[in-house]
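# Understanding the architecture of this molecule
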Amino acid sequence: MKQLFFASMAILLMGAMGCNKFLNEQPQTEIGETEFWRSEADIQSGMAAIYDGFQDCFGNDYVLWGDARTDEVWRNQYGVDDHVLNALSATSSGTSWANFYEVINRANVAIKNIPLVKAKYVPGMDQAVLNHYLSQAYGARAFAYYWIVRLWGAAPLWTAPYENINEDPDRPRTEAAVILDTVYADLQKAVALSDPKSGNVFEITTGALYAMLMDVSMWKKDYGSALQSFDKLMALNKYSIEPTATWKNLFIDPRSTKGAIWSLDWDWTVDGGASISALIGAGDTNSDFAVEDSVWNYFTQHPMDIRGAQTIDFDVTNHDKFNKFYPKSVGKQVYPNHKEANVLFPLYRLADLFLLRAEIANQQNDPATALQYLNIIHERAGLTAYFATDFPSKATMENAILEERKLELYMEAKRWFDLVRTGKVVEVMDPVLKARQALRMSPEIGFGDKRKILWPINRNVLNANIKLEQNPPY
Amino acid sequence: MQKINLKRQNSLWSHFKEKKQVRQLVMMACMLLAVTISYGQSIQVHGTVQDETGVAIVGASVIVSGSGGKTGTLTDSTGAFSLQIPEKGGSLEVSAVGYEKVIIKTMGTQSIPIVLKAAAGSLDEIVVIGYSTQKKRDVTGAITSVTAKQIEERQAVTLEDALQGQAAGLMVINNAGEPGESGSIQIRGGSTFSSAGNAPLYVIDGVVGASADNINPSDIESVDVLKDAASGAIYGSRAANGVIIITTKMGMLNKPQVNLNYLHNFGYLAHKLRQANATEVRLYRNEQKSNLNGTAGGSTDSLNPGFNADNDYQDALTRLANKDQYDISLSGGSKNIKYYNSVRYVDDKGLILNSWAKLLQIRTNIDFQASKKIKFSTRFSFGYRDRNNINEGNTINQTFQRPTNFALYLPDGSLTGYVSGRRNPLSVALYEVNLNDRYSATLFQQMEYNIVRGLKFTTNITADYDEGRTVKFSPKILSSNNPLKNSGSEAWSRSIGWQYQAYLNYNKTIAKDHSFTGLLGFSAEKTQRNNSIISGTDYVNEHILTLNSAGTIVPAKTNTGASGNSLASIFGRIGYSYLGKYNFNGTVRRDGSSRFGKQNIWGNFYSGAVAWRFTSEHFMDWAKNILTDGKLRLSYGQTGNESIGNYDAIQRYGFGSYFYNGVSGIATGSSFGNPTLSWENNTQKNIGIDLTFLKGRLGITSDYYIKTTTDLLYNQPLPVETGFNSVRVNLGSFETKGFEFSLNATPVQTKDFRWDLIANLSVERGRVKQLPGGSFISGNSGSGGGAGWLIREGGRLGDFYGWKALGVYAYDESNAYDDNWNRLDPVFDGSGVFQGYTQNGKPYNGDVHSLYNTGVKLRGGDIIFDNVAKDSVIDDNDRQVLGNAQPSFYGAIINTLSYKGFSLSFTFNTTWGNDLYNNAAQALNNYRTTHIIPQPYVIYNAWRRPGDITDVPEVSRKNTSGNMRMNSRYIEDGSFIRLSYVRLTYKLPAAIARTIFTRDLSVYVYGSNLITWTNYSWFDPEFTSNDPLQLGQDNGRYPRRREVGLGLNIHF
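Keep in mind it's a predicted model, so treat the numbers as computed, not measured. (Residues numbered from 1 in each chain as written. Chains lettered and ligands numbered in written order. Predicted model: local features only at pLDDT ≥ 70, side-chain atom pairs only at ≥ 80, totals over all residues.)

## As for the overall build of chain A
The line we're drawing: Going along the chain from the N terminus, every DSSP run of H or I of four or more residues is numbered as a helix, and every run of E of two or more is numbered as a strand. Here a residue counts as buried when 20 or more other C-beta atoms fall within 10 Å of its C-beta, as exposed when 12 or fewer do, and as partly exposed in between; the C-beta atoms come from the backbone. Placing a C-beta atom from the backbone of each residue, one calls two residues in contact when those atoms lie within 7 Å.
Tallying secondary structure elements over chain A gives 20 helices and five strands in all. Over its C-alpha atoms, taken along the principal directions, chain A stretches across nearly 110 × 55 × 50 Å. Out of the 474 residues in chain A, the part that is buried amounts to 51%. Pairs at least 24 apart in sequence give 69% of the contacts found in chain A among residues at least 6 apart.

This is the structure we're talking about:
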């Protein structure tokens, strides 16, 4: 019995010895949250992660959001009807806002931690440098919310990171106006913190912040504020309209231009290909979208417009290859495989802002200035200038500006927001959709319910958050 | 004294001895002691012991009756014995494991031939129950044992081959077909949402959680399947899905025995599928061309040599498969040492050209009895596997997709590469490289020490090493790039682990009738995995595949990784038996896993089981002649599951995939770390009965169980607004109820003829009891054609969720419904002009409603979908459960007939009542891609003109009408009955065998997958689904073989 007792004790002792320590396994390819945000290099990595989030957002979906629902494109046999027939549903592609919130969370984490780096670990860090990082984080958060509010309207508002499992992750939608105010406030804060001498075209610079402020003001129809932001941007003396000859560089080498304000960097060797290429032009697969006939006809009938051949591929009979983002090949255009495609998506460039400037002037009943800015872009395209007499009214001028925007900013995710912003969705899309519905032998109802201007919220996104309600009538 | 001695030996030897050998070993040990005692007045007797077929029985014990076991011996390798017996003569008791004992009267010194009859079923067999053994008669849980003899009839290459159909409640899916592929084994259905969590726990020669990938089935002495939780609970963690205990062979005390086996198998394509020939391709092209908005048919140019073949791709791509299987084993032992060594080599050339696998397995088992008190055991196993992993998607699936009129060869005889976006399956099979080799080794060392009588200390340590290397290369000829580009990679992985165990076994009998057993132990284990991959493109030479050949290294696909986990446990068991009539077993186990939150590392698991041998009660005496033995078992047990990511409980920042503008970003992943994460619990109640009739001629076992999983380790979606997609939580529950029935019988047993039968049947019904959020869709939830599954409270896993197709609208006007969404019938006059509607034969004048898909009105030629939501749009509200991928029941019947030297064994198995989603056919028939040709049925039956009544939609409408969304057209009945294994053996009579210096020699014919009865239309209805949330989707797999082979077995 004694042996039994001692042997049992020995076993139990072995079992009890240092078990909790033995069972403490730490990740070997990742770090715990307490080991991060300790140096300026950490901040740089944190910032890279925010921009990487924008790659997730726009790498696949920007065409769906900004172009697919407009008179820019039609679908080919491999696409779906959802976007081009105003038939979105909660399962359509592009209905999830998850990637924007990924950016928002990363930005929230950065906004919380960047000041702590200096406070706790690097007391000697230059406050101005730190502020510039902060400004980018605020700018990124604002930009993500700006896209969300334009696409879906009201949305849950998170201005601090989600860090505790016990915190309720379900939040209801906050009114669109409140979100927009947050965006504006964030941008102002960001401008104040930013250093005009820092940054490059792939980052949120002071210029990019002014461009965003101008854009947001246009969305709010606050033309005065928009003009102020434009003037401040020009006062930076950094930007000028890219010459006709090097127009293509805005899309393939924005760093070399003075017309690009903020572009999305892409390097497929580390990030994989921009999958948007599979929708608009990749070497190994058919596209989902084809050039709308009106655009195709305009560009083929106006060969002097240098944008045409540098935007769409006239040689492809299916009209489904968009070459805007690829260097022009000698002879037949070569497209990268979708896993090897770099698409340096321009988020803001000067032509966009010049045309907005024209809109401001037009709205402020200053047709001369409007014409001046419109013609800068129009002539840059190799076309002859418009005359004031071409636009007898404010409305015709507005339409001309929007048309110029459609061609200049074609497939840059601007058209849909232009139509929504100017209240022209139904006016422009009704005839287009009716023709398409006829092609499908379906009743020609046009755009139909105007509430469908907002996007539906993705089914999975809805299911994951019990407090979310779908946009009617979806 | 001798009796006690024997008991001691028993407990000493039994732990690592297999049931068949145990009695023999005990007897041997006993004899060793006995022969030392000398007698004065005695005579010498000689004899031989044989079985009914005249084969010598080695190691049979021969004891002089009445000597109290003191006088006796064992037969030698020729079955002969000689023995000193008292002069006055007497009786000899002759016994051997697996045979009925006989008592022979001795008369003088003549040679005595003794024939032993094979025993029918044995309650004295030893069952391995985890850190100990038990006699089958004392078992309290639901345990099924499979013997070496049962496995031998299978010529098994994998464990799946060996176990399929052998036990009720054991669902074995065999992926036989692809060289080097195996399948899956599941006990009593899935209980959680991850496939790792649904796999059984393997215990091989005492190593808990061992990998079963490398076990050579012919090395297996026995397999014990612990099905209920009370049996598995001693293994606590990871035992939630049952435990499979494998014990390998060991040599016996005699001269070395050598066993040689060779088998050659031929494999044929078991089921060739009909494919559209070139004429049918052109018919389809015309159909495509004639349609509005259709694609230009194309690629039918009669002058282009590229489009004028008429290939039989399945013939071109497949061949006669050849498999050689060589086995050699050497075993034996002397007084203090026993050994078993084996080598197996399999060379398999599969059905698809250039698909092959080579397999080498080596095992060494050694037991060394250092002293009366101490025994050392060593188990070493080594495995090597080398295979060319053929890409099914680009070979066999491509053969169905690629138009048969596309050329395989260029006019100069060389193979074509890409033609119109379609790969040449022959080029892929011949030129694509996907070589995978893997080395693994396990070394196990154990010491057993008998402290005092009844108390034994065992300690062991295991080291595991596993290394894999994969070389992939795709040459320029297979490239879709412009210009052509080659690419490849080389990946390494290494896994090392150790495991330490120490435990005490105690047993004591008090007052003769009360026997107690006790177990107390401790174990710890740790595993570390590392891997690396280097990827490159633009190889300067297509034969040198090391990465110095690559012109460019691809950073996004070049990285290394590492992870580790550890487990620690304390466990104990108490057993009590009163005269074998009332048996009780109780266990406690406390497990710690590194995968859980710091506060929740530990989980406690309890179990209890009772068994009542009612045939030992006097009131059952009347039934003794028929009912030899009857036992009722009742058990309750808890087990756990920790099959999740190693670091799911830690909030982590990762890097390497967040690059931007030259900076490598650092960010949290999409999954939120949950520090409150804890064990998933599994509780199982089991009631079972074991009946043995007619002295073992018939045995019946039946079990009913309820298995409940709580605190399910569930990957819960997080609101995406948090910046995360999901978090691993302990939420939800799952319940499986099941019934098992198995029968063991020897219906006929005469001098020369014997018929053994094993039959079993299993029914499992698993339901999700509680799910956070109520339901979710796994798989395809959009408009694509692949399968989607609804996982919901009250639902089963494997519920296919999609749209129900009711047919195809015959006319544009057929899309017409009344206010309640009942179909209206359009009426046309003689010249085909639409007149109006009728309903049930009466004219209809009410409002007419129509159905739409994403804004498009459905027309003639579109699928009529079941309008579940009763609104005007067919959308995701109209989905419904279309079928279930889990069978109503599965079972098998295994027959073994033997007549003199002949023996015939054959197995039928069945899986019944499950649905499958034929995604391979769906992918052909969805019209989505111009150069994928549908099946002939679709080409002939597609809707062409108004009035056509068919179930196949019009060919040009790929995705405007939603015709191609996941629908019931591809749900098929997956039931089958299969004649899965047959073996006919002829064993040479012993006398003849001896003349050619062999102990015995047999030749056999072997066949597998010989006949299958099924309505399933693709290659084969039996295949493994990797994700328990996505069961039963057939994406087109490596075709199954029908095998026929010839083999030879020589035993020296």
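And the narrative resumes.
## Considering the overall build of chain B
The following threshold applies: Both definitions apply: the radius of gyration is a C-alpha atom measure, and the globule rule equals 2.2 Å times residues to the power 0.38.
Within chain B one finds twelve helices and 58 strands. A compact globule built from 1052 residues should have a C-alpha radius of gyration of about 31 Å, and chain B, at 33 Å, falls within 12% of that. With respect to the principal axes defined by its C-alpha atoms, chain B has extents near 115 × 70 × 65 Å. Within chain B, buried positions represent 50% of all 1052 residues. Put simply, 69% of the contacts in chain B that link residues at least 6 apart link residues at least 24 apart.

## Details of the sheet that holds strand β1 (residues 31–32) of chain A
Short version of the rule: We treat two strands as partners when DSSP finds at least two bridges between them.
Here three strands make up an open sheet; going across it, the order is β1(A)-β31(B)-β32(B) and the pairing antiparallel. Two strands bound the open sheet, and with one partner strand each, they are β1 of chain A together with β32 (663–668) of chain B. Sheet topology note: the strand β31 (residues 652–660) of chain B/β32 of chain B ladder contains five bridges and is antiparallel. Within β32 of chain B, the residue paired with Tyr660 of chain B across the bridge is Val663 of chain B.

## Some thoughts on the interface of chain B and chain A
The condition that has to hold: For this classification, Asp, Glu, Lys and Arg are treated as charged, while Ala, Val, Leu, Ile, Met, Phe, Trp, Tyr, Cys and Pro are nonpolar and the rest, including Gly, are polar.
Listed as interface residues are 76 residues of chain B and, on the opposing side, 76 residues of chain A. Looking at the side of chain B that touches chain A, the element that brings in the most residues is strand β27 (residues 559–578) of chain B, giving eight residues. Residues that form the side of chain B that touches chain A fall into these classes: 37 nonpolar, 32 polar and seven charged. In terms of strand pairing, β1 of chain A meets β31 of chain B through two bridges, oriented antiparallel.

## Points about unusual backbone geometry
Of the consecutive residues Pro472 of chain A and Pro473 of chain A, the connecting peptide bond is found in the cis state with omega at 5°. Mapping Pro473 of chain A onto the fold places it in the segment after α20 (459–464). A positive phi angle, close to 60°, is found at His319 of chain A, a residue other than glycine. Even without being a glycine, Asp711 of chain B presents a positive backbone phi close to 50°. Note on placement: Asp711 of chain B falls in the loop between β35 (698–710) and β36 (713–717).

## Brief notes about the UniProt feature "domain: SusD-like N-terminal" (unreviewed entry) in chain A
The line we're drawing: UniProt positions are given in the numbering used here, feature names are shortened, and annotations may be inferred rather than shown by experiment.
When the UniProt feature table is mapped onto this chain numbering, "domain: SusD-like N-terminal" (unreviewed entry) sits at residues 21–213 of chain A. In residues 21–213 of chain A, the share of helix is 56% and the share of strand is 3%. The end C-alpha atoms are 54 Å apart.

## Focus on the nonpolar core
Going by this rule: For our purposes the nonpolar core covers buried Ala, Val, Leu, Ile, Met, Phe, Trp, Tyr and Cys residues that link as a set through C-beta atoms within 7 Å.
If you look at the biggest cluster of nonpolar residues, it comprises 204 residues, and the most contacted ones within it are Val63, Ala137, Ile148, Ala211 and Met214 of chain A. At 15 residues, the largest contribution of residues to this core is made by helix α6 (residues 127–152) of chain A. Sequence-distant contacts of Ile148 of chain A, defined by excluding residues within four places in its chain, comprise Trp97, Phe100 and Ala155 of chain A. If you look at the next biggest cluster of nonpolar residues, it comprises 64 residues, including Val203, Val223, Ala233 and Ala502 of chain B.

## A closer look at the environment of Gly855 of chain B
Mapped onto the fold, Gly855 of chain B is located in the loop between β47 (852–853) and β48 (856–857). In this structure Gly855 of chain B comes out as buried when scored by C-beta crowding, with 22 C-beta atoms within 10 Å.

## As for the domain arrangement of chain A
Residues and elements named next belong to chain A. For the record, the criterion: Domain start and stop points were drawn from an automatic or database domain assignment.
Domain annotation for chain A reports domain 1 (37–195 + 453–464) and domain 2 (268–343). Between the C-alpha centres of domain 1 and domain 2 the distance comes to 28 Å. In this assembly, 14 residues from domain 1 lie in contact with 17 residues from domain 2. By residue class, the composition of the side of domain 1 that touches domain 2 is six nonpolar, five polar and three charged.

## Re the packing of α6 of chain A against helix α8 (residues 206–219) of chain A
Residues and elements named next belong to chain A. Heads up, the condition is: To get an axis, a line is fitted to the C-alpha atoms, and for a helix only the part in contact is used. The angle between two axes follows their N-to-C directions and goes from 0 to 180 degrees. Here is the rule for angles: anything less than 35 degrees is roughly parallel, anything more than 145 is roughly antiparallel, 65 through 115 is roughly perpendicular, and the remaining ranges are oblique. Handedness of a crossing is defined here by the sense of rotation of the near helix relative to the far one, left-handed for an anticlockwise turn of less than a right angle and right-handed for a clockwise turn.
As a packed pair, α6 and α8 sit with axes 11 Å apart at the nearest point and diverge in direction by 25°. Taken together, α6 and α8 sit at an angle that is classed as roughly parallel. When the axes of α6 and α8 are compared, the crossing they make is left-handed. Taken together, the residues of α8 that come into contact with α6 (itself represented by Gly139, Ala142, Phe143, Tyr146 and Arg150) are Ala208, Leu209, Met212, Val216 and Trp219. Broken down by class, the residue content of the contact of α6 with α8 amounts to eight nonpolar, one polar and one charged.

## Thoughts on the sheet that holds β36 of chain B
Residues and elements named next belong to chain B. Pairing in this open sheet of three strands is mixed, and the strands run β33-β37-β36 from one edge to the other. Both outer strands of the open sheet, β33 (671–672) and β36, are each paired with one neighbouring strand and no more. Direction of pairing for β33 relative to strand β37 (residues 726–730): parallel, over a ladder of two bridges. Along β37, the bridge assignment pairs Phe672 with Val727.

## Comments concerning the environment of Ala229 of chain B
With respect to the element layout, Ala229 of chain B can be found in helix α5 (residues 229–232). Remark: the alpha-carbon pair of Ala229 of chain B and Tyr705 of chain B, spanning 476 residues in sequence, is separated by 9.8 Å.

## Quick word on the packing of helix α5 (residues 98–121) of chain A against α6 of chain A
Residues and elements named next belong to chain A. Two elements in contact, α5 and α6, have axes separated by 9 Å at closest approach and are oriented at 160°. In terms of orientation, α5 and α6 fall into the roughly antiparallel class. Crossing of α5 against α6: the hand is left-handed. Contacts between α5 and α6 pair Phe100, Val103, Ile104, Ala107, Asn108, Ala110, Ile111, Ile114 and Lys118 from the former with Leu130, Tyr133, Leu134, Ala137, Tyr138, Ala140, Arg141, Ala144, Tyr145, Trp147 and Ile148 from the latter. Here the residues of the contact of α5 with α6 are counted per class, giving 17 nonpolar, one polar and two charged.

## Points about the environment of Ala128 of chain A
With respect to the helices and strands, Ala128 of chain A occurs in helix α6. In this structure, the C-alpha to C-alpha distance between Ala128 of chain A and Leu193 of chain A, residues 65 residues apart in sequence, is 7.8 Å.

## Focus on helix α16 (residues 367–380) of chain A
Note that an α-helix has 3.6 residues per turn; residues three or four places apart therefore point the same way. Residue and element names in this part refer to chain A. Operational definition: Here a helix's expected span is defined as the number of its residues, less one, multiplied by 1.5 Å.
With 14 residues, α16 extends 20 Å from end C-alpha to end C-alpha; this agrees with the ideal 20 Å at 1.5 Å per step. Within α16, burial applies to Ala370, Leu371, Tyr373, Leu374, Ile377 and His378. Just beyond α16, the residue with positive phi is Gly382, at close to 95°.

## Regarding the pairing of β27 of chain B
All names here are of chain B. Taken together, the 20 bridges between strand β25 (residues 514–539) and β27 define a ladder with antiparallel strand orientation. Along β27, the bridge assignment pairs Ala524 with Ala568. Examined bridge by bridge, β27 and strand β28 (residues 582–593) share twelve bridges and lie antiparallel to one another. Each residue of the ladder has a partner; that of Ser569, found in β28, is Asp591. Hairpin connection from β27 to β28: three residues lie between these consecutive antiparallel strands, with Leu579 at a positive phi of about 55°.

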